[in-house]
Amino acid sequence: MECFSLLRSDVPALIDHLGDFGEVIAPHGKGDVSYSFEVVRDSSDVVLDYNRTLLPLKKMFLPPVEKLIGFSLKNESYEQVDVAIAPRVFFGVHSYEMQSILRLDHSMLSGSAESNYFKRRQSSRFVGISFEPDEFHFSESVGVVIEEMEGFDLFLNEVDDDFQLYVLTDNGQEMLNGFDKINLTEPEIVEGRNFKKKIRYHYNRLPRVFQYAYHSDVWADVASRCVGCGACTLTCPTCFCFDVQDHVEVTAEDGMRQRSWDSCMLSTFAEVAGGENFREKTINRTRHRLFRKFKYITDEEGLPWCVGCGRCTAFCPAGISMPDIVNELIQEDEKAQYHRTVRV
Ligand code: SF4
Ligand code: SF4
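Criteria and cut-off values
- Residues numbered from 1 in each chain as written.
- Chains lettered and ligands numbered in written order.
- Predicted model: local features only at pLDDT ≥ 70, side-chain atom pairs only at ≥ 80, totals over all residues.
- Helix = DSSP H or I, 4+ residues; strand = E, 2+ residues; numbered from the N terminus.
- Rg over C-alpha atoms; globule rule 2.2 N^0.38 Å.
- Buried ≥ 20, exposed ≤ 12 C-beta atoms within 10 Å, placed from the backbone.
- Contact = placed C-beta atoms within 7 Å.
- Pairing = 2+ DSSP bridges.
- Near = placed C-beta within 6 Å.
- Nonpolar A, V, L, I, M, F, W, Y, C, P; charged D, E, K, R; others polar.

**Side note on the overall build of the chain**
- When you go through the chain residue by residue, the secondary structure sums to 11 helices and 12 strands.
- In summary, the chain has a C-alpha radius of gyration of 22 Å against a globular reference of 20 Å for 344 residues, a match within 12%.
- Here the chain holds 344 residues, and the buried ones make up 33% of them.

**What to know about the environment of Phe118**
- In this fold, Phe118 is placed in helix α3 (residues 115–122).
- Since 15 C-beta atoms lie within 10 Å of it, Phe118 is described here as partly exposed.
- Note: C-alpha distance between Phe118 and Asp10 (108 residues apart in sequence) is 33 Å.
- If we ignore the near neighbours within four places in the chain, the residues touching Phe118 are Leu109 and Ala113.

**Details of unusual backbone geometry**
- One non-glycine residue, Glu76, lies in positive phi territory at about 55 degrees.
- Structurally, Glu76 is set in the loop between β4 (65–72) and β5 (77–80).
- For Asp161, which is not a glycine, the phi torsion comes out positive at approximately 75 degrees.
- The topology assignment puts Asp161 in the loop between β8 (154–159) and β9 (162–167).
- Overall, the presence of 7 C-beta atoms within 10 Å leaves Asp161 in the exposed class.

**Some words on the pairing of strand β6 (residues 88–93)**
- Extensive coverage of β6 is indicated by the burial of 5 of its 6 residues.
- Bridging between strand β2 (residues 23–30) and β6 involves 3 bridges; their strand directions are parallel. Within β6, the residue paired with Val24 across the bridge is Val89.
- With 5 bridges connecting them, β6 and strand β7 (residues 124–129) associate as parallel partners. Bridging from a neighbouring strand, Arg88 pairs with Ser124 of β7.

**Side note on the pairing of β4**
- With 7 bridges connecting them, β4 and strand β12 (residues 254–261) associate as antiparallel partners. Each residue of the ladder has a partner; that of Ser72, found in β12, is Asp254.
- Looking at chain direction, β4 and β5 are connected through 4 bridges and run antiparallel. Looking across to β5, one finds that Ile69 is bridged to Gln80.
- Between β4 and β5, which pair antiparallel in sequence order, lie 4 residues; one of them, Glu76, sits at a positive phi of approximately 55 degrees.

**Remarks on the site of ligand 1**
- Close to ligand 1 lie 13 residues; Cys236, Cys306, Cys309, Arg311 and Cys312 are nearest.
- Here the residues of the shell around ligand 1 sort into 7 nonpolar, 4 polar and 2 charged.

Structure below.
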């Protein structure tokens, strides 16, 4: 793995150079405090120091709303929408975001691959960048360190306000061909980038905590504060639930089938024909959300399905914190274990 030094002032030139390999998509400022992954029109607009984007990179692979097929009732025919994707370079991606794409790969490509996702994924390259954890990031607690480079072709690690550029794949090497503003250097370990938010246990111990957490009192407390808005799941990079609806034009001759993001935190999510709702109460939806992140898929795959981006906490209008809930479950489990031991 080669490592090069790169001046911060030369990063826009690198972004322009990467444009030869596809449309470059990178973080941009949005309003006063938000960030968003957008197509780069001017490389000097790209933001290198950002905490997190409002919507995850997932939106570029599974759009919030997507037309799947058009149909004609008159002709009794339909046509699948062809997803023709040109090569794309995702620049300035944080490690937890890349890990969320790798988890989405598992969800979308295992078994019968989701073809639109697959086409978008196949034509993508990724350039990572380090970040300074804020009060909401806790990715280290779920096994994703700042410098985790899995999935990236290139990775920029900030060192003394400039960068070290790691070349991780053949694609990464190809992307640097002809770019002369870098110099070979020795990799440095950066000290002092500490996570302020932590889960108290190693993530390997969490499935056991969740094994005994189904009837916990913690769920009622969280549910009493939750307003059921769905912001936590709609901004989560590993959530992928969607709804599919057919829309027929007023002429009743043509229509389209559309897929849109859905959220298990919305009260109608588990509603079925006949009016039954399997998770009508907020307490059931809250518990389900956390079990999806730390138990159900984790039992099968051995990894948390939460990457610690902090979005669900940062954007929750009720200030409900994912790591705080997990820490409360841990504390409750420790008390229960103590009582079990004393009784023995
Ligand atoms: S559960 Fe929350 S912290 Fe974890 S990946 Fe989803 S939004 Fe990020
Ligand atoms: S963002 Fe907060 S208030 Fe909204 S559904 Fe999620 S936990 Fe509840």
